[in-house]
Amino acid sequence: MKNIAILGSTGSIGTQTLEIVREQDGLRVVALAAGKNVGLMEKQIREFHPLIACMWDDKAAGEVKAAVADTDTKVVCGMDGLLEIAVMPQAQILVTAIVGMIGIRPTIAAIESGKDIALANKETLVTAGHIIMPLAKEKGVSILPVDSEHSAIFQSLQGQDKEGLEKILLTASGGPFRGKKKAELANMTAADALKHPNWSMGRKITIDSASLVNKGLEVIEAKWLFGVGLEQIQVLIQPQSILHSAVQFKDGAVIGQMGVPDMKLPIQYALFYPKRLPMKENRVDFYALSEMTFEKPDMETFEGLSMAYEAARIGGSMPTVFNAANEKAVALFLDNKIKFLQIYELIRASMDNHKVVENPSVEQILSAESECYDYILTKLA
């Protein structure tokens, strides 16, 4: 029996992780954490009987505590609660599916306490990869990627001589706006951007997919996860979302991982690595598929990808500003307060405004995020 703790249990990755727990023997949920979805958290507590449940929102924590007073689950809240879950001795693996940079401190605490990490929180490596990866190596902890693309790369590298790796082929569907030009993007609404052709994801990541910022974040994440240079990461648009990513070796051989677009596969692979267990979901029907196509990303129209490469090349605290500016801009876009193309404008302005801190500490990372938020709000006032 493997004991798991899930940060972000009421979100897309968290709920799919719990589906796997229902379907597979050998997993026990010892802790759950969420933002403020009281009703779903109560249901999860009653079904999975965790030792601890955390709500980020104080008011929500109080409501959950009252709702499950008849159970043995301890209810905690805020960052202190996340940190308590991160270091709890009963958990062997921490699923970090929480959204935003609040995932950094719990991830570091879990690594320091010797837990493996099933990583679904991009911000952790994008902003603090220089801290996370050396610490994981020092503690002998595995960072197991849950993103479909990074999982595909991880799977493709199994049993291979990593010294022979030439480049990573990081795929993207192109999102709902694939093929459009800037003039067409100018009037796109949040409802338009949320219509992803292949994947069912949370609102924020779906907008990031539409802007290709998500792929930019994944480029930075891949740099840290696999210890490669940016020049070794090539983004490919693969509209059918069947090839989830691949690796190319120095002899020209390409090894990739294919499958239907379903996040449960990479989640399950991370939880049971290195074992592969049966899944009931659909298989790829190659006769029906008939073809797979590839395109070069349009980084002039979808500036988020080119700015991500720029932020990664600059390094230091700049990836934090890239991520924070996008996070704030996407929230504003979802609230219909800015236009789609203003997401790029706010990221650009925030990066131009920022004074880079080399090799930032966690405190400096969080400070850069806060300063970026303040800058955007001042700019829009």
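Residues numbered from 1 in each chain as written. Predicted model: local features only at pLDDT ≥ 70, side-chain atom pairs only at ≥ 80, totals over all residues. Heavy atoms only, no water.

Taken together, the buried positions of helix H3 (residues 58-67) are occupied by Ala60, Ala61 and Val64. In an axial view of H3, the angular spread of the buried residues amounts to 100°, which keeps them on one side of the axis. For H3, the exposed residues lying more than 90 degrees away from the buried face are Asp58, Lys59, Lys65 and Ala66. (Buried < 20%, exposed > 50% of the residue type's maximum accessible area, 1.4 Å probe, protein only. Helix = DSSP H or I, 4+ residues; strand = E, 2+ residues; numbered from the N terminus. Arc of directions from axis to C-beta.)

To describe a pair of aromatic rings, one takes the distance between the centres and the angle between the planes. All chains considered together, the criterion is met by 6 aromatic pairs. Taking the centre distance of 6.3 Å and the plane angle of 70° together, the rings of Phe154 and Tyr269 count as edge-to-face. Of this pair, Phe154 sits in helix H7 (residues 148-156) while Tyr269 sits in helix H12 (residues 264-272), and the two are 115 residues apart along the sequence. You can call Tyr269 buried: its relative accessible area is 7%. Between Tyr269 and Tyr273, the ring centres sit 5.7 Å apart and the planes meet at 65°, which makes this aromatic pair edge-to-face. For Tyr273, a relative accessible area of 29% gives the class partly exposed. The rings of Phe177, Phe333, Phe340 and Tyr344 are connected pair by pair, giving a single aromatic cluster. The ring of Trp224 is capped by Lys223, whose NZ or CZ atom sits 3.7 Å from the centre of that ring. (Phe/Tyr/Trp six-rings, centres within 6.5 Å; stacked < 30°, edge-to-face > 60°. Lys NZ or Arg CZ within 6 Å of the ring centre and 35° of its normal.)

Turning to the environment of Lys36, a few remarks are in order. By secondary structure assignment, the location of Lys36 is in the loop between strand E2 (27-34) and helix H2 (38-48). Taking the C-alpha atoms as reference points, Lys36 and Asp58, separated by 22 residues in sequence, lie 8.6 Å from one another. The residues touching Lys36, leaving out its near neighbours within four places in the chain, are Met55, Asp57 and Ala60. (Contact = heavy atoms within 4.5 Å.)

For the structure on display, the rule yields 18 salt bridges. With a closest N to O distance of 2.6 Å, Glu63 and Lys59 form a salt bridge. Taken together, the residues span about one helical turn, with Glu63 and Lys59 both in helix H3 at a distance of 4 residues. According to the relative accessible area criterion, Glu63 is partly exposed, its value standing at 35%. Two residues, Arg348 and Glu310, come together in a salt bridge whose shortest N-O distance is 2.9 Å. Placement of the pair is Arg348 in helix H16 (residues 341-353) and Glu310 in helix H14 (residues 303-314), with a sequence separation of 38 residues. (Salt bridge = Lys/Arg side-chain N within 4 Å of Asp/Glu carboxyl O.)

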